[in-house]
Structures are given as C-alpha cells and as structure tokens.
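If you want the building blocks of each chain, they are given just below.
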Amino acid sequence: MSIESKKNHQPVSDGEFRRALKDRHVQLIALGGVIGSGYFLGTGAVINQVGPSVFLAYILGGLIIYLTMLCMGELAVAIPIAGSFINYTADFISPSLACGVGWSYWISWVAYIPAECLAGGIIMEYFTGINGHVWALCFGLLITYINTAKVGTFGEVEFWLALIKIMSLFGFIALSILIFFGIIHGSHPSEIIGGKYIFDQGGLFPNGKVVLLTAMVLLLVNYQGSEIIGLAAGESINPAQMIPTAIRNVTFRILFIYIIPVLCLVLIFPWQKATLLNSVFSDALNFYGLKWAGAITSFVTLSATLSCSNSGVYGIVRSLNALARNGMAPRKLAKLNRNAVPQNAGIVTLVSIWTLLIIGYFFGQTTLYIALLLISGFTGAIAWISLCWAQINFRKKLYKAGYTTKDLRYATPGSPYTGITAIILMIICLMFLVLNQDSSYTLAFIIGTITFSVPIDIDKLFGLNKYREAILTENKHVRFSDIFPKRDI
C-alpha cells in the first residue's frame, strides 16, 4: 500500500488479521495489561523498600512510559501491524535484535502470567478455603477460553474487567480523602492526618535515595502492558484515529490512576506496615476499620489478576506470531484459524503457561512472585527501549525516502530527543537493578540478560537471514517501502 492509499484513511492490510477491535476496546486493553496484581500486591513490596517516596518513583515511571508511548504512536499509526515492536525492531534496527527482544518478551510474560493466576488463587483461598492452586487452574482455563475465541470477544471481556479496576481505584481515592481529613477514622483519633505518615516516620527517604532507583525495575513492571496498544494495532478498526486517542487518553489515565492512589496510600498508611502478603490498598482500608472496603479491594485485585493475564496472553500470542512471520520462530506459528486468531502460537503459549502453572506448585509463592515481577520488568524495559530506538531510526529512514512529518497522520513530538531521553532513563533503571542488596534483583538481571542475548546469539550463529527472507515473502510481510515508496528528491 502506498502513501496515497493512506491519505484515503484506509488502514494497511495486515495479512489475515481482522480489524475487529473498537476504540474503547483498544484503550481498555492497554489499561488491562497495565493494572495487574503487581500494582495491588507488588506496590506493598516497593513501599516497604523505598518508603513514602514511592509516589515519586511512580512519577518517574509515568514519565518513562509517556515518552515511550509517544514514540510508539508514530510507528503504530504509520505502520499498523500486529506484533508491532518486534516488526519495528526488525525493520528499523536489526533482525537479530528483534529476535532477542521478541523471545525475551514472550518468555517473561509466559513466566509472569502463572504468577498472576497464583495471586488470584491466593485471594480466593482466603475467602473460600479451597486450595489456591485449584483456583489458579480455573483461572487458567478461563483465560485459555477467552484467548481462543474471536478477538472481539476478547476486547469486550477485557473492557469490563479493566473498568472494574478503574472504578475501584476512584473509590479508594474518595475513601482516602475522607480518612485524611478525619471524617473516617476507625479506632484512630478524629483529626487531619497531615504529614504524620509521609514525613514524620523517617521522612520521604527512610532507607536512602539510592534504593529508590534500585527498586525502579520492580515498579516499572506495573507499567508494563502499555505496549499492547501497539500489538493491537493490526486488529484495530481505524488505527490512525484509535491509536493516537488511546495513547493520549491511556497515558493520562495511567498517571492519574497510579500516582494519585499511591500518594493517597502513603498519606494515610504507615510505610513500615506495607507487605506482599495482601493488597496494600486493602490493608490501608482495614487499618481504619473498613473491613468491607478491604474485602472489595481484594476481589478487585482478583479482577486485576484476570484482566492482566488476559491482556498478557493476547500480547505474547501476537508477539510469538510476529516472530514466526519474521522467520524467527517455526513457520507454523504464523498461521491463523478461522476466527483470525493465531491459534498455533496461542496453543504453544498456553501450553507453556500451563506447564509453569503446574510447576509453580512446588515453589514458594512470595519469592517466586517477586522474581517473576523483576524479570518481567527487565525484559519489558528492553522492549520499550527497542520501540524508542526504532522510532528514531524510522524518522531517519522517512526523511531519506523523501518524506517529512507532514506526511504522517501522527508524529512524535520532540523527536529524536523524546526517544533518547526515554532510553537513557530506562538504561539507568536497569543498571541500578544490580545495586540492590536483595540477591533476587541481581538474579533477575542475569536471567533477563540471558533471555535477551541467547536468541540473538542463536540467530547470528545459525545465519537465519535466507530462511527469514523466504518466510517474509510467503507471509506478505508489510515493509516500510510498501507504505512509503521512495520519492524522487
């Protein structure tokens, strides 16, 4: 498809994928992938390490994802295809690097989704007394069904699950304001809390300022999933309109949904009491005698688990399909079923998840959960770096082909400095990971590096370029030159 067709607002054809995702689906899918149990449960672990300044860490994380999504917007609108950042990395940086990025991203989510199911199982065991692993298997079955159905079904389910999480966070903010001003106080004195918990118990940085950066990767995983907007581009009805709107709206919603609730949390709850044993938001409400609200928050954490797992499976199935379409995975994984869903890629992904879900029974849940969060945060940051880098190179290639930003439906503001700033901030966060005194952080850095570098080494060692070219031709892979044919300057 040429640039002229693009002017007629017709989205580029992405093979056999059907464009069945509506605007509201795309926006809520991104939020669904972002607000998982890691936010409701993992935030407690970060607060315990960092202290009240955790809201500053969320601001930094919000800045990073805002810059990253600005870069992704330009690529997703110009070339709206499934498996976005893998294709973009292959086309604008290096196929070998794309192989490393794609496989490490897939592996991290395959490891993380069972942890989400286990988190949901723990919550249900608390309320029902039935073993948590039984519930985890039930959640696995539900996620399996949703992700083998039509993509429109997936979008509709994800929309409502994400909506539940958002409304609950607004409810937490409202209750927190009443608690802060002493209107709700439980067994505590009826008074304005003020800076009692945020400043008077060791200050903003009770454990030092460096620990704020060493814990950033654990926090960044809570923002992971935003890139699913790009992965959904190939199945959006009108990506040129939907993607920029989704990026703009989701970005500000993420900032509001994350930063304000966490700020409210550290204002009303002693940071020393934050743990990983329960949702820290639920603990904060229980602290003031609001047991009913704490119970509701626990069930919301359950919906967050389902929603994040749901979005995660959607994203990595498309990632594995994109790897196959780029000649970086067996070609059978590139095929779609009659519902235009990557069925073979889905089967391999779900079997892998089920295998880890069963194996997870033999490991300590808390330790395993944190380790998987860290690995997922590491590989997620690698994917974001590749997106920003690809956008910078895309813009260079655009100019070289004789085009300007006026030929784009959406252009990243401040490019290339937007992408460069995001890349620098993420590299700093990744390097500080090894400075954390907890050995699991260092282990996560090592495992993350291995899952990223080994696929690159295999790709280079076996010289898969000829095989890749044959696969790209067979799958009618959309390339830069198809949309932006070279102009005579």
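It should be emphasised that the depicted structure is a prediction, and the values quoted were computed from it without experimental measurement.

Conventions used here
- Residues numbered from 1 in each chain as written.
- Predicted model: local features only at pLDDT ≥ 70, side-chain atom pairs only at ≥ 80, totals over all residues.
- Heavy atoms only, no water.
- Helix = DSSP H or I, 4+ residues; strand = E, 2+ residues; numbered from the N terminus.
- Buried < 20%, exposed > 50% of the residue type's maximum accessible area, 1.4 Å probe, protein only.
- Contact = heavy atoms within 4.5 Å.
- Areas by Shrake-Rupley, 256 points an atom, 1.4 Å probe, with all protein chains shown as cover.
- Salt bridge = Lys/Arg side-chain N within 4 Å of Asp/Glu carboxyl O.
- Phe/Tyr/Trp six-rings, centres within 6.5 Å; stacked < 30°, edge-to-face > 60°.
- Lys NZ or Arg CZ within 6 Å of the ring centre and 35° of its normal.
- Patch = residues over 30% accessible without salt bridge, like charges linked within 9 Å, V, L, I, M, F, W, Y side chains within 5 Å.
- pLDDT = per-residue confidence, 0-100.
- Axes fitted to C-alpha atoms, helices over the stretch in contact; angles between N-to-C directions.
- Parallel < 35°, antiparallel > 145°, perpendicular 65-115°, else oblique.
- Left-handed = near helix turned anticlockwise from the far one by under 90°.
- Nonpolar A, V, L, I, M, F, W, Y, C, P; charged D, E, K, R; others polar.

1. Details of the overall build of the protein chain
- Scanning the protein chain from N- to C-terminus turns up 20 helices and zero strands.
- Every one of the 489 residues in the protein chain was classed for burial, and the buried ones make up 60%.
- Sequence-distant contacts, at least 24 apart, represent 83% of the contacts inside the protein chain between residues at least 6 apart.
- Surface accessibility of the protein chain: about 18,700 Å² in total, with carbon and sulfur atoms responsible for 66%.

2. Structural notes on the pattern of salt bridges
- Within the structure shown, the criterion is met by two salt bridges.
- Two residues, Glu74 and Arg395, come together in a salt bridge whose shortest N-O distance is 2.5 Å. Residue Glu74 is found in helix 4 (residues 54-78), and its partner Arg395 is found in helix 16 (residues 365-400); the two are separated by 321 residues along the sequence. This pair shows no difference in class: Glu74 is buried, exactly as Arg395 is.
- With its nearest N and O atoms 3.4 Å apart, the salt bridge here joins Arg487 to Asp407. Of this pair, Arg487 sits in the segment after helix 20 (480-483) while Asp407 sits in the loop between helix 16 and helix 17 (417-432), placing them 80 residues apart in sequence.

3. Digging into the packing of aromatic side chains
- Overall, the coordinates contain 16 aromatic pairs when judged by the stated rule.
- Ring geometry for Tyr58 against Tyr258: centres 5.5 Å apart, planes inclined by 20°, an arrangement best described as stacked. Placement of the pair is Tyr58 in helix 4 and Tyr258 in helix 12 (residues 239-268), with a sequence separation of 200 residues. Judged on exposure class, the residue Tyr58 and its partner Tyr258 are both buried.
- A ring pair is formed by Phe378 and Phe445, whose centres lie 5.4 Å apart and whose planes are at 80°; its orientation type is edge-to-face. A residue pair is termed long-range when its members are at least 10 positions apart, and Phe378 in helix 16 and Phe445 in helix 18 (residues 439-461) qualify at 67 residues.
- By the ring-pair criterion, three or more aromatic residues cluster together here, those being Phe92, Phe394, Tyr403, Phe480 and Phe484.
- Lying across the ring of Phe205, Lys209 places its NZ or CZ 5.6 Å from the centre.

4. Focus on a nonpolar patch on the surface
- Where nonpolar side chains cluster on the molecular surface, the patch consists of Ile446, Ile450, Val454, Ile458, Leu461 and Phe462 and spans about 600 Å² of accessible area.
- Tracing the backbone shows Phe462 in the loop between helix 18 and helix 19 (465-474).

5. Side note on the confidence of the model for the protein chain
- Scored by pLDDT, the protein chain comes out at a mean of 79, with 80% of its residues at no less than 70.
- Across the protein chain, element-level confidence peaks in helix 17 with a mean pLDDT of 93 and bottoms out in helix 1 (residues 3-7) with 41.
- The model gives residues 12-21 a pLDDT under 50, and that stretch makes 54 contacts with residues more than four places away or in other chains.

6. What about the packing of helix 7 (residues 132-146) against helix 14 (residues 291-325)?
- Orientation of helix 7 relative to helix 14, taken along the N-to-C sense of each, is 45°, at an axis distance of 10 Å. By the angle class used here, helix 7 and helix 14 are oblique. Considering the relative orientation of helix 7 and helix 14, their crossing is right-handed. Of the residues in helix 14, those touching helix 7 at Phe139, Leu142, Ile143 and Ile146 are Leu302, Leu306, Ser309, Asn310 and Val313.
- Among the residues forming the contact of helix 7 with helix 14, the class breakdown is seven nonpolar, two polar and no charged.

7. Describing the environment of Leu161
- Here Leu161 lies in helix 8 (residues 151-180).
- Considered as a pair, Leu161 and Val300 are 139 residues apart in the sequence and their alpha carbons are 9.2 Å apart.
- In this structure Leu161 touches Ser303, Leu306 and Ser307, once residues within four positions along its chain are discounted.

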